[in-house]
Amino acid sequence: MIHILFNIAGSILVIVGLMLLHSFGVLDALWDEALSSGGIANVHTVFRLVSAIVLLPVCGQFEKLSRKLVKDDVRLGENVDHELSLLDEKFFPSPAIALSGAGEAITTMARLARTGVMSAMGVLEQYDAHTIEVINENEEHIDKLADHVDNYLIRLSPHMPSGHGSDMLNYYIQCFGEFERIGDHAVNLTENAQEFLDRSASLSPTAHQELMVLREVLGEILDYTYKAFAATDYEAARHIEPVEEVVDDLVATLRANHIRRVRDGQCTVYAGLTFLDILVNVERIADQCSNVGVFTLSMFDEHIMNNHHDYIQALHQGKDPVFNRAYQEAHDKYFGELKRIERKLDARLSQLQDVRHAPLGEITLIHSPALRLFWIDTALTAPDYSALELSTSRLAAAQAEALVFLGKVGFSGSQEHLNEGSFGQYDGEFLVLDEADRFTGDVIDLPASLCACVRFRGHHAESPAQYRRLMQFIREEGCTAAGFSREITVIDYGFTTDTEKFVTEIMIPLQKV
């Protein structure tokens, strides 16, 4: 459409231009001459060049006009018409083909359910109305597929001969309902996110980090579950139950931790109740995955097929060394992550206590220890606080690991700008890394240094005035800036929504002139 609009505008422009030139007699000598093939080619080239040069400044308007003329498809979620078309009774005379179509439809249900859960866990971290709409739309697709698959498999059963095909039909009947329920829990998680928004409730930083661990373990068990069903994969099915047991352990631990936080006043009652409801949904999702795993293993082992309960009980009693080893590995992985988060938050709380007891507005000389930073060259205007927040969130979102970002992301002015007295722009963004951090990206190491430091009430928007004070102090000490500044809002939205309670710290390394 843009190409068509461009050609129409160019044609109109050239025709009008030619008519004007002819009316002034400029083209009289050429007007009645016959053009050769070469002349036609030259005119066409000139037409294209003139159109491109004249219309280049308004190309953006063609895009806007094309969007108005050709509306985008407003369909949310995915289209499952293909899967529904496979559930046709005309395939009944060939039961294997009919069963294959049902399997493809259920596989789509499994994929949509997994995507829905992972998207819903993301919405709990960062609310997004559009993502919730997509999850709800896909859940309707899952329900539609479930209804059609249910009726289809029942009508197909009289046509299915005994043997493996019959076992596969029963397997499909067992599994599709589990994926439907997983999709339901994804919607429940979006409702939990909506509750946080409606009640203006927020979780503690610890709870946010715990949710990230839950998201990671859910991703693992859902991946195993999808692979187990889609490929009837024995090894993937064997990995489901150990991870499910770890999910149960995590839920029990996080439930106890959160009840303690609510009791200690670290989290509101409303937020606490919603968090506990999230844990219920997570636990039930894992239970559904466990069922699919057992159903899949039954296809390989007749003993499991006839004794689901006895098989699970034997696993939980430690009678299977393969299960024991896989469970211990998953347990160490996710509980080790919780321990690491706990240590990092303890260090963060210690830092906050130091900030709360330090005098605000007072400039002091301090010895900064050696630091490890992840650095991004960027150009941001200091007073544009919303842009800084967006930049920080993008930095956090780029990392898959559950890092504690609070009080660690900062902005920097270059040594040259500091010594020139130019404080209206940041030249870089950085993330302070702890020894335990596993971070994707290049890092730089800063040596220990003597720094001028100030902590003040406010955030980055108030920093230029503080930079002027710091540089005046540095000059009075007979020094200059010896490197880039390090500016971090150590008390921010992670701990309070009251911006008047924010505390920002600026440190500038210095050297004698």
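Residues numbered from 1 in each chain as written. Predicted model: local features only at pLDDT ≥ 70, side-chain atom pairs only at ≥ 80, totals over all residues. Heavy atoms only, no water.

**Some points on the packing of aromatic side chains**
Tallied over the entire structure, the rule returns 10 aromatic pairs. Ring geometry for Phe-323 against Tyr-327: centres 6.2 Å apart, planes inclined by 10°, an arrangement best described as stacked. Here the residue Phe-323 and the residue Tyr-327 both occupy positions in helix α14 (residues 321-357), the gap between them amounting to 4 residues, near one helical turn. Ring centres of Phe-411 and Tyr-426 lie 5.5 Å apart, and the angle between their planes is 40°; this geometry places the pair in the tilted category. With Phe-411 in strand β3 (residues 409-412) and Tyr-426 in strand β4 (residues 425-433), this pair connects stretches of sequence that are 15 residues apart. The exposure classification of Phe-411 matches that of Tyr-426, with both residues buried. One aromatic cluster is present, built from ring pairs that chain together Tyr-171, Tyr-172, Phe-179 and Phe-229. (Phe/Tyr/Trp six-rings, centres within 6.5 Å; stacked < 30°, edge-to-face > 60°. Helix = DSSP H or I, 4+ residues; strand = E, 2+ residues; numbered from the N terminus. Buried < 20%, exposed > 50% of the residue type's maximum accessible area, 1.4 Å probe, protein only.)

**Quick word on the packing of helix α6 (residues 95-125) against helix α9 (residues 205-230)**
Closest axis-to-axis distance for the α6/α9 pair is 10 Å, and the angle between their directions is 175°. With respect to their mutual orientation, α6 and α9 come out roughly antiparallel. Seen from α6, the contacting residues are Gly-103, Ile-106, Thr-107, Ala-110, Arg-111, Arg-114, Val-117, Met-118, Met-121, Gly-122, Leu-124 and Glu-125; seen from α9, they are His-208, Leu-211, Met-212, Leu-214, Arg-215, Leu-218, Gly-219, Leu-222, Asp-223, Tyr-226, Phe-229 and Ala-230. When the residues that make up the contact of α6 with α9 are grouped by side-chain class, the tally is 14 nonpolar, 5 polar and 5 charged. (Axes fitted to C-alpha atoms, helices over the stretch in contact; angles between N-to-C directions. Parallel < 35°, antiparallel > 145°, perpendicular 65-115°, else oblique. Contact = heavy atoms within 4.5 Å. Nonpolar A, V, L, I, M, F, W, Y, C, P; charged D, E, K, R; others polar.)

**A closer look at a nonpolar patch on the surface**
Judged by side-chain polarity, Ile-4, Ile-8, Ile-12, Val-16, Leu-20 and Phe-24 come together as a nonpolar surface patch covering roughly 610 Å² of accessible area. Looking at where Ile-8 falls in the secondary structure, it is placed in helix α1 (residues 2-23). (Patch = residues over 30% accessible without salt bridge, like charges linked within 9 Å, V, L, I, M, F, W, Y side chains within 5 Å. Areas by Shrake-Rupley, 256 points an atom, 1.4 Å probe, with all protein chains shown as cover. Salt bridge = Lys/Arg side-chain N within 4 Å of Asp/Glu carboxyl O.)

**Focus: helix α7 (residues 129-156)**
With 28 residues, α7 ought to run about 40 Å at 1.5 Å a step, and its terminal C-alpha atoms sit 40 Å apart, in line with that. Among the residues making up α7, those that are buried are Ile-132, Ile-135, Asn-138, Glu-139, His-141, Ile-142, Leu-145, Ala-146, Val-149, Tyr-152, Leu-153 and Leu-156. Looking at the buried side of α7, the elements it contacts are α5 (81-86), α6 and α8 (164-198). Taking the backbone nitrogen of His-130 as reference, a side-chain oxygen 2.9 Å away marks Asp-128 as the first, capping residue of α7. (Expected span 1.5 Å × (residues − 1). Polar contact = N/O pair within 3.5 Å; in protein donor to acceptor, adjacent residues only side chain to side chain.)

**Quick look at α6**
For α6, spanning 31 residues, the distance from its first C-alpha to its last is 46 Å, which sits close to the expected 45 Å at 1.5 Å a residue. Extensive coverage of α6 is indicated by the burial of 22 of its 31 residues.

**With respect to the pattern of salt bridges**
One pass over the full model with this rule turns up 9 salt bridges. For Glu-178, the salt bridge goes to Arg-181, with nearest N and O atoms at 3.0 Å. Pair noted here: Glu-178 and Arg-181 are both in helix α8, with a separation of 3 residues, about one helical turn. Take Arg-181: its relative accessible area is 37%, and that puts it in the partly exposed class. Here Arg-455 ties to Glu-505 by a salt bridge, and the two come within 2.8 Å at their closest N and O atoms. Taken together, the residues Arg-455 in strand β6 (residues 449-457) and Glu-505 in strand β9 (residues 503-512) connect sequence positions 50 residues apart. Pair check on accessibility: Arg-455 and Glu-505 agree, each one buried.

**Side note on the confidence of the model for the chain**
Put simply, the chain has an average pLDDT of 84, and 81% of its residues get 70 or more. Throughout residues 71-75 the model reports pLDDT below 50, and contacts reaching past four residues in sequence, or to other chains, amount to 1 contact. Residue range residues 397-406 is modelled with pLDDT below 50. Its contacts to residues more than four positions away, or to other chains, number 28 contacts. (pLDDT = per-residue confidence, 0-100.)

**Observations regarding the pairing of β9**
For β9, a buried count of 8 out of 10 residues is recorded, marking the element as mostly surrounded by other parts of the structure. Here strand β7 (residues 479-481) pairs with β9 via 3 bridges, running antiparallel. From the neighbouring strand, Thr-480 faces β9, where its bridge partner is Gln-511. Sheet topology places strand β8 (residues 486-491) next to β9; 5 bridges connect them, and they run antiparallel. Paired with Ile-491 across the bridge in β9 is Val-503. (Pairing = 2+ DSSP bridges.)

**Here's the deal with the nonpolar core**
Residues Leu-153, Leu-156, Tyr-172, Phe-179 and Leu-214 are the most contacted members of the largest nonpolar core, which totals 87 residues. Of all the elements in the fold, those that place two or more residues in this core are α6, α7, α8, α9, α10 (234-263), α11 (269-298), α13 (308-316) and α14. Element by element, the count of residues in this core is highest for α6, at 15 residues. (Core = buried A, V, L, I, M, F, W, Y, C linked by side-chain atoms within 4.5 Å.)

**Some remarks on the environment of Gly-458**
As for its position among the elements, Gly-458 is in the loop between β6 and α17 (463-476). Overall, the relative accessible area of 7% leaves Gly-458 in the buried class. As for Gly-458 and Asp-492, which are separated by 34 residues in sequence, their C-alpha atoms are 9.1 Å apart.

**Quick notes on the pairing of β3**
Strand residues, when the strand is regular, have side chains that alternate between the two faces of the sheet. Here β3 shows two buried faces, one formed by Val-409 and Phe-411 and the other by Gly-410 and Ser-412. Relative to β4, β3 is paired through 4 bridges, and the arrangement is antiparallel. When the bridges of β4 are listed, Ser-412 appears paired with Gly-428.

**With respect to unusual backbone geometry**
Despite not being glycine, Ser-200 has its phi angle at roughly 50°, a positive value. In this structure, Ser-200 sits in the loop between α8 and α9. When its relative accessible area of 67% is taken as the criterion, Ser-200 is described as exposed. Positioned with a positive phi, Thr-232 is a non-glycine residue whose angle comes to about 45°. Relative to the elements of secondary structure, Thr-232 occurs in the loop between α9 and α10. What makes Thr-232 partly exposed here is its relative accessible area of 26%.

**Focus: the side chain of Glu-245**
Secondary-structure assignment places Glu-245 in helix α10. Although Glu-245 is buried, it forms no salt bridge, and the closest oppositely charged side chain is Arg-255 at an N-O distance of 13 Å. For Glu-245, the side chain forms a polar contact with the side chain of His-316, separated by 3.1 Å. Beyond its immediate stretch of four places on either side in the chain, Glu-245 contacts His-316, Phe-323 and Tyr-327. (Lys, Arg positive; Asp, Glu negative; His and termini not counted.)

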